[in-house]
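# Observations on the model geometry
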2 protein chains.
Amino acid sequence: MPPGNPAVDTADVSALLERGRTLSTPVLRAAVDRLAPPMDTVAAYHFGWIDAQGNPTEGDSGKAVRPALALLSAEAAGVAPEVGIPGAVAVELVHNFSLLHDDLMDGDEQRRHRDTVWKVHGPAQAILVGDALFALANEILLELGTVEAGRATRRLTTASRKLIDGQAQDISYEHRERVTVEECLEMEGNKTGALLACAVSIGAVLGGADDRTADKLEEYGYHLGLAFQAVDDLLGIWGDPEATGKQTWSDLRQRKKSLPVVAALAAGGEASERLGELLAADAKSNDFDTFSEEEFAARAALIEEAGGREWTSQEARRQHGRAIEALDEVDMPARVRAQLVALADFVVVRKR
Amino acid sequence: MPPGNPAVDTADVSALLERGRTLSTPVLRAAVDRLAPPMDTVAAYHFGWIDAQGNPTEGDSGKAVRPALALLSAEAAGVAPEVGIPGAVAVELVHNFSLLHDDLMDGDEQRRHRDTVWKVHGPAQAILVGDALFALANEILLELGTVEAGRATRRLTTASRKLIDGQAQDISYEHRERVTVEECLEMEGNKTGALLACAVSIGAVLGGADDRTADKLEEYGYHLGLAFQAVDDLLGIWGDPEATGKQTWSDLRQRKKSLPVVAALAAGGEASERLGELLAADAKSNDFDTFSEEEFAARAALIEEAGGREWTSQEARRQHGRAIEALDEVDMPARVRAQLVALADFVVVRKR
């Protein structure tokens, strides 16, 4: 699934992600160390720093797109990337708070090839450590004690509320037979767009950027988030399990009404109708849990035939384009702009 | 259980609590109305504004000690009580966030004579709405956009973290055979003292009080919280179910290592040892769930015989005394001081 502009300098993006990880992880770890036992250990397990027995691991700490964005955000406002570090850490804390709670609410047993926290340490710890990370996010910012930190916390709080709204919508859609493409996009904008948007403004706000600049940076981040989620929805059905760490046809197994599904259902035509009948029958089926690979493959083929895969691919490119456009309205160093463009390109070509 | 100073002007305290409720509830309701469906409905059920079918109720909205304190807090700093309203609402939101999550973690099915949210609307909604109220608390404060609001939010965040630490300790103590009196007091200081302390400083901070004044007010609130919790622990065993809305011997049924229990176990002597043996056997018993009233009554009698009830009563008076002492070090209108004293008196004589 190539983006609109396939000229990605992968080496550069890797370096950006690596910088975000290197500068933010020590501060993130110091923050998590503040938690009272056993929450510190549970959080360290969640972040992949230790295994279930408490032994240190060379963990897969995720793509770390958000920290990279928060540092670039500071540079976009003309200050050193380090100014964005508390913002990068706060956003990561909120992101991981939501993962801990969502995995429990959704009953997801695996994340990044590992058992989820509620599965290993029980539901109470998943709730509690999620709460603690959420509080810690605000603490990290507010202890800076500046007016800018107050503004940054306010933006983070707004993003957190949208994140929670998005999860509420996601859960309520699971119980509905039909969800429109618009509803799905609104949910994804809340669940993925809002926090990515905040990552892109938070460093700039900490660096003293005005609200207009911050809003424009958020616009880039919001569309980047929607592009990111469209790609995630494609990977959730057609992704390589080796790369994603998820099961084959993962989202179909979870009956997720993701973009390719709702687009296929909205498309009309023979495949669309056949898909609608199948999914309606699946919703009432008692045998769903024992479905074979072939049965999921058949549903995926219908989604593709009805145009859901292609539409979602195009949607990723559309959102990518709108993200880049938003950048045009912000005055920033040319290098930083190029790096934000490269990150947007990376988001739409990634395989995991 | 009379306090050190039994001269409580009950009418005055009722008026204070009523004022807190009257001024803060409309703002609290407007805040909750911001939540996306179905979270607004779930939250309204939790607050007792509607029943499980969604019909408006004349709800029992709790004692509302915290809002009353937040308004007095503003007056202690020499500003109008209304200045404390956003603080009162934010503290109530954090308090209710913790109730929603704690009831789920603890498996508590009843609160204030009603089914708890997870029981009525499911665990996912209890998690989600708790998260939303927590985020909303910060939002309410930060949208004031002032330096004082940033300072208030920072104090609220610190209190929230302690609240979460306290719940973590509470849960971990349930799995231990012995807990010391000191550990129990530390846990109760985190779980109850920290947020009450914040209620007593937040109005003053919003009114521009300096950190020293705010710290002293928090000292009053912290000891008030410990007195409050000591009384709660007494009511949790010997309270009148009609008044508390809990089962008889409620805390014993939940194997809570509350103050009377840990004090009795620490006291030594025949009754203390007999209690220790019984509770150790209970921990391994498969029949615990079918225990009769008499079996719990026997345990309560042993706690009393070992001195746990009297010690906790004295502890409530000690903390009450230290709360009043802390007030001596803050310059404030005589009327406000008298009202804070009356509230402290009320907290230790209440029956629910």
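Residues numbered from 1 in each chain as written. Chains lettered and ligands numbered in written order. Predicted model: local features only at pLDDT ≥ 70, side-chain atom pairs only at ≥ 80, totals over all residues. Heavy atoms only, no water.

Often, the extent of an interface is quoted as the loss of accessible area upon association of its parts. Tallying the contact residues gives 32 residues for chain B and 33 residues for chain A. Across the chain B to chain A interface the summed buried area is about 2900 Å²; carbon plus sulfur atoms make up 72%. Of the charged contacts in the structure, one is a salt bridge between A:Arg161 and B:Glu139, with a shortest N-O distance of 2.9 Å. If you look at where chain B meets chain A, you find four residue pairs in polar contact (both at pLDDT 80 or more). Within the residue set of the side of chain B that touches chain A, elements represented by two or more residues are α4 (85–106), α6 (123–142) and α7 (147–174) of chain B. A per-element tally of the side of chain B that touches chain A places α7(B) first, with twelve residues. When its residues are assigned to classes, the side of chain B that touches chain A shows 18 nonpolar, seven polar and seven charged. (Contact = heavy atoms within 4.5 Å. Buried area = accessible area lost by both parts, 1.4 Å probe. Salt bridge = Lys/Arg side-chain N within 4 Å of Asp/Glu carboxyl O. Polar contact = N/O pair within 3.5 Å; in protein donor to acceptor, adjacent residues only side chain to side chain. Helix = DSSP H or I, 4+ residues; strand = E, 2+ residues; numbered from the N terminus. Nonpolar A, V, L, I, M, F, W, Y, C, P; charged D, E, K, R; others polar.)

Our next topic: the relation of the copies chain B and chain A. Superposing chain B onto chain A takes a rotation of 180° combined with a translation of 0.1 Å along the rotation axis, leaving an RMSD of 0.1 Å. When the rotation and shift are considered jointly, the pair of chain copies conforms to a two-fold rotation axis. Across chain B, the smallest distance between a C-alpha and the rotation axis is recorded for B:Gly150, namely 2.7 Å. When you check the interface residues of chain B against chain A, 100% turn up at the interface there too, and the contact is symmetric in its surfaces. (Least-squares fit on C-alpha atoms with pLDDT ≥ 70 in both.)

All names here are of chain A. Together, Glu 270, Glu 273, Glu 277 and Glu 305 make up a region of like negative charge exposed at the surface. For the negative patch, the element with the highest residue contribution is helix α13 (residues 270–284), accounting for three residues. Among the secondary structure elements, Glu 270 is positioned in helix α13. (Patch = residues over 30% accessible without salt bridge, like charges linked within 9 Å, V, L, I, M, F, W, Y side chains within 5 Å. Areas by Shrake-Rupley, 256 points an atom, 1.4 Å probe, with all protein chains shown as cover. Lys, Arg positive; Asp, Glu negative; His and termini not counted. Charge placed at Lys NZ, Arg CZ, Asp CG, Glu CD.)

To continue, consider the nonpolar core. In terms of nonpolar packing, the biggest core is built from 183 residues, with A:Leu133, A:Tyr220, B:Leu133 and B:Tyr220 touching the most fellow members. Per-element accounting of this core gives the leading share, 14 residues, to helix α8 (residues 181–206) of chain B. Discounting chain neighbours no more than four positions away, the residues touching A:Leu133 are A:Val32, A:Leu35, A:Ala43, A:Phe47, A:Leu93, A:Asn96, A:Phe97 and A:Leu100. (Core = buried A, V, L, I, M, F, W, Y, C linked by side-chain atoms within 4.5 Å. Buried < 20%, exposed > 50% of the residue type's maximum accessible area, 1.4 Å probe, protein only.)

A separate point is the packing of helix α13 (residues 270–284) of chain B against helix α14 (residues 293–305) of chain B. Between two packed helices, what matters for the description is the angle formed by their axes and the separation of those axes. Residue and element names in this part refer to chain B. Two numbers describe how α13 lies on α14: the axes approach to 8 Å, and their chain directions differ by 145°. The way α13 lies across α14 gives a crossing that is left-handed. Packed against α13, whose contacting residues are Ala 271, Arg 274, Leu 275, Leu 278, Leu 279 and Asp 282, the element α14 presents Arg 299, Leu 302, Ile 303 and Glu 305 at the interface. For the contact of α13 with α14, the class distribution of residues is six nonpolar, no polar and four charged. (Axes fitted to C-alpha atoms, helices over the stretch in contact; angles between N-to-C directions. Left-handed = near helix turned anticlockwise from the far one by under 90°.)

With that settled, the discussion passes to α4(B). Residues and elements named next belong to chain B. When the terminal C-alpha atoms of α4 are compared, their 31 Å separation across 22 residues agrees well with the 32 Å that a helix rising 1.5 Å per residue should span. Within α4, 21 of the 22 residues are buried, leaving the element largely enclosed by the surrounding structure. Phi turns positive, to about 70°, at Gly 107, one or two residues after α4. (Expected span 1.5 Å × (residues − 1).)

What follows covers unusual backbone geometry. Residue and element names in this part refer to chain A. Cis geometry is found at the peptide bond from Pro 37 to Pro 38, where omega equals 0°. Within the secondary structure, Pro 38 is located in the loop between α1 (10–33) and α2 (39–46). With a phi angle near 60°, Ala 64 is a residue other than glycine that sits in the positive phi range. As for its placement among the helices and strands, Ala 64 is situated in the loop between α2 and α3 (65–76). The class for Ala 64 is buried, based on a relative accessible area of 10%. In the Ramachandran plot, His 113 falls in the positive-phi region, its phi being about 65° despite a non-glycine side chain. For His 113, the position within the fold is in the loop between β1 (110–111) and β2 (114–115). Of the residues examined, His 113 reaches a relative accessible area of 47% and is grouped as partly exposed.

The next point concerns the confidence of the model for chain A. In this model, chain A carries an average pLDDT of 93, and 96% of its residues clear a pLDDT of 70 or more. Taken as a whole, residues 1–8 of chain A scores under 50 in pLDDT and shows 20 contacts with residues more than four places along the chain or in a different chain. (pLDDT = per-residue confidence, 0-100.)

Residue and element names in this part refer to chain A. With the rule as written, the count across this model stands at 48 salt bridges over all chains. The shortest N-O distance in the salt bridge between Arg 111 and Asp 103 comes to 2.8 Å. A relative accessible area of 28% means that Arg 111 is categorised as partly exposed. For Asp 103, a relative accessible area of 4% gives the class buried. A salt bridge links Lys 216 to Glu 329; its shortest N-O distance comes to 3.1 Å. Placement of the pair is Lys 216 in helix α9 (residues 211–238) and Glu 329 in the loop between α15 (308–327) and α16 (334–349), with a sequence separation of 113 residues.

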